[in-house]
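Spelled out, the chains give:
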Amino acid sequence: MGVDAQGVRGVVHMTLPRSLEEYVQQIGRAGRDGSESYCQLFLDDADFLRLRSLAHSDGIESSNALAFLQAVFDQNADCEAGTKQGSKPGYGTVDVARVAEVCDMKQEVMETLLSYLEADSDPLIQVLPTTGVTVSVSFYNTAAGKLAAEHAIIRALLQVCPQQRRGCYTAATVDLMNVASMPAAMVMKALQALAMTDELRFEVSKQTALAFVVKRKPEDMQQLAEAISQRHGIVSKQQAHRLDVAYCSFAAAAAACSLVAAGTQGEVRSQEQCLRHQISAYFESKQEVTLEGLPALPVKESASTLRMDIRALMAWTDRHKPGCSLTGRAVARILHGVASPAFPTAQWTKCGFWQQYTNVDFAQIAAAAQHELDLVQQSEPAAQCLSP
């Protein structure tokens, strides 16, 4: 809402604000000239449940975090070698599309995890601007070998990719960065300078890569994975809690007018007074605000058919998605209808359980699903021992 006008007389919230901070920011667009203004909000349980599901969409397990850390540190051997030598920076990249599916992680989450690694008191990495996974170069007037004698970037290109294919040399950007000992931005600048002289044409792949410099490798990858997954999980929980507080505050304001005639000025005033009280208490509190004394959330702790449907989903996955590795969080996302890179909507709506439990708490579903998955995993060794 980038509105900066003095004469706004009202704001209508067609969907639920995700927090009281967001609500205050939105209503602040009205009445800037000091005149009375009105803000109306449509409170719908379905909106709340959908936003609450989405609040968990970016969460990760420690196993996902570990797979991502391995993509950052273990799959960039050249970058680690350069760091150990100390003579030049060790550059690395993460292929977003490939890692997204392997780690079941969106690009935004990857970027957040990289920022955690950079923000450490003794930084593990230094984040660089995003780049493309590969660079393709075609030469026009002068042969590549002759240009290499005068230009370090061409020498690096030929070292990474000695042979051309279909009239061009295609190299992984991270390899060019490490051989040329320069970040991707400088690689592209050097190639652009030669392109301006009509010596070559180059194209960066549209497939995105997150780039960074590795400062040091973590001593305990598993411990680090658990730490950053917990840190990231706190963010998701805080988002869900802020949404809960906002919904309960609005529901309390809606209920405050029960003793006042509907449609009257008294109804509006009673709602306003209640909401003002809730907002003031929220922003003045030095501790996390609880939901005590507020209307109940339209969220269930469980459902009688939940565990049965979790087992049915696991059986469906075994039949139709062999090799697919479910986690408690993945099951909860499916039952809440929240897509992720490894569990896209188009494929998983066919399972019959997509978005069937949006009114059941996400964390409770994830815990129940993980319990069922653990039971299956524990029974597998015994089954193997019994087999002839």
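Quick caveat, the model's predicted, so the values are computed rather than measured. Residue indices begin from 1 for each chain and proceed along its sequence in written order. Totals for whole chains, interfaces and linings use all residues, but because this is a predicted model, local features are given only for residues with pLDDT of at least 70 and pairs of side-chain atoms are given and counted only at 80 or more. Excluding hydrogens and water, the side-chain values take into account all heavy atoms of the structure.

### Focus: the side chain of Arg329
Looking at the element boundaries, Arg329 is found in helix α14 (residues 328–336). When sequence neighbours within four positions are dropped, the list of residues in contact with Arg329 reads His56, Gly59, Ile60, Glu61, Phe362 and Ala366. The secondary structure listing takes helices from DSSP runs of H or I that are at least 4 residues long and strands from runs of E that are at least 2 residues long, numbered from the N terminus. When checking whether two residues touch, look at their non-hydrogen atoms; a contact exists if any pair is within 4.5 Å.

### A closer look at the sheet that holds strand β7 (residues 169–172)
A sheet is described by the order of its strands in space; here three strands give the open sequence β7-β6-β8, paired in antiparallel fashion. The open sheet terminates on both sides in strands that have one partner only, identified here as β7 and β8 (200–204). Within this sheet the neighbouring strands show an average axis-to-axis angle of 20 degrees, counted without direction. At least two DSSP bridges between two strands are needed for those strands to be called paired. Pairing between strand β6 (residues 134–139) and β8: five bridges, direction antiparallel. Across the sheet, Ser138 pairs through a bridge with Arg201, a residue of β8. All axes here are fitted lines through C-alpha atoms, helices being fitted over the stretch that makes contact, and every angle between N-to-C directions spans 0 to 180 degrees.

### Remarks on the environment of Ala332
Mapped onto the elements of the fold, Ala332 is located in helix α14. For Ala332, a relative accessible area of 0% translates into the label buried. Not counting residues up to four positions away in its chain, the partners in contact with Ala332 are Phe362, Ile365 and Ala366. Think of it in three bands: with a 1.4 Å probe and only protein chains considered, a residue is buried below 20% of the maximum accessible area for its type, exposed above 50%, and partly exposed in between.

### Things to note about the pattern of salt bridges
Here a salt bridge means any side-chain nitrogen of Lys or Arg lying within 4 Å of a carboxyl oxygen belonging to Asp or Glu. The full count for this structure, using the stated rule, is 15 salt bridges. Of the charged contacts, one joins Arg9 and Asp33 as a salt bridge, the two residues approaching to 2.9 Å between their closest N and O atoms. Taken together, the positions of Arg9 in the segment before β1 (10–13) and Asp33 in the loop between α1 (20–27) and β2 (38–41) put the pair 24 residues apart, joining distant regions of the chain. Classification of Arg9 by relative accessible area gives partly exposed; the value is 36%. When salt bridges that share partners are traced, they join Glu36, Arg269, Glu272 and Arg276 into one network.

### Quick notes on unusual backbone geometry
Both trends apply: most residues other than glycine have a negative phi, and most peptide bonds are in trans. At Asp104, a position not held by glycine, the phi torsion is positive, near 50 degrees. If you trace the backbone, Asp104 turns up in the loop between α5 (96–103) and α6 (107–119). For Asp104, a relative accessible area of 10% gives the class buried. The residue Arg166 is not glycine, and still its phi comes out positive at about 55 degrees.

### Section: the environment of Tyr282
Note that Tyr282 resides in helix α12 (residues 265–284). Residues Tyr282 and Leu20, 262 residues apart in the sequence, show an inter-C-alpha distance of 8.2 Å. Apart from the residues within four sequence positions on either side, Tyr282 is in contact with Leu20, Glu21, Arg242, Val245 and Val289.

### Structural notes on a nonpolar patch on the surface
In this analysis, a patch consists of residues with relative accessible area above 30% that form no salt bridge, clustered at 9 Å for like charges and at 5 Å for the nonpolar side chains Val, Leu, Ile, Met, Phe, Trp and Tyr. Shrake-Rupley sampling with a 1.4 Å probe provides the accessible areas, and residues are treated as covered by the protein chains on show and by no other component. Together, Val12, Met14 and Phe42 line one region of the surface with nonpolar side chains, adding up to about 330 Å² of accessible area. Its place among the elements puts Val12 in strand β1.

### Concerning the packing of helix α13 (residues 306–320) against α14
For any two helices packed against each other, the geometry is given by the interaxial angle and the distance between the axes. For the pair α13 and α14, interaxial distance at closest approach is 11 Å and the crossing angle is 105 degrees. With respect to their mutual orientation, α13 and α14 come out roughly perpendicular. Between α13 and α14, the contacting residues are Leu306, Ile310 and Leu313 on the first element and Val331, Ile334 and Leu335 on the second. A per-class count over the contact of α13 with α14 returns six nonpolar, no polar and no charged. The cut-offs work like this: below 35 degrees is roughly parallel, past 145 is roughly antiparallel, 65 to 115 is roughly perpendicular, and the gaps in between are oblique. All residues other than Ala, Val, Leu, Ile, Met, Phe, Trp, Tyr, Cys, Pro, Asp, Glu, Lys and Arg, Gly among them, are scored as polar; the first ten of these are nonpolar and the last four charged.

### A look at the pairing of β6
Sheet analysis places β6 next to β7, joined by four bridges and oriented antiparallel. Note on β7: the bridge partner recorded for Val137 is Tyr169.

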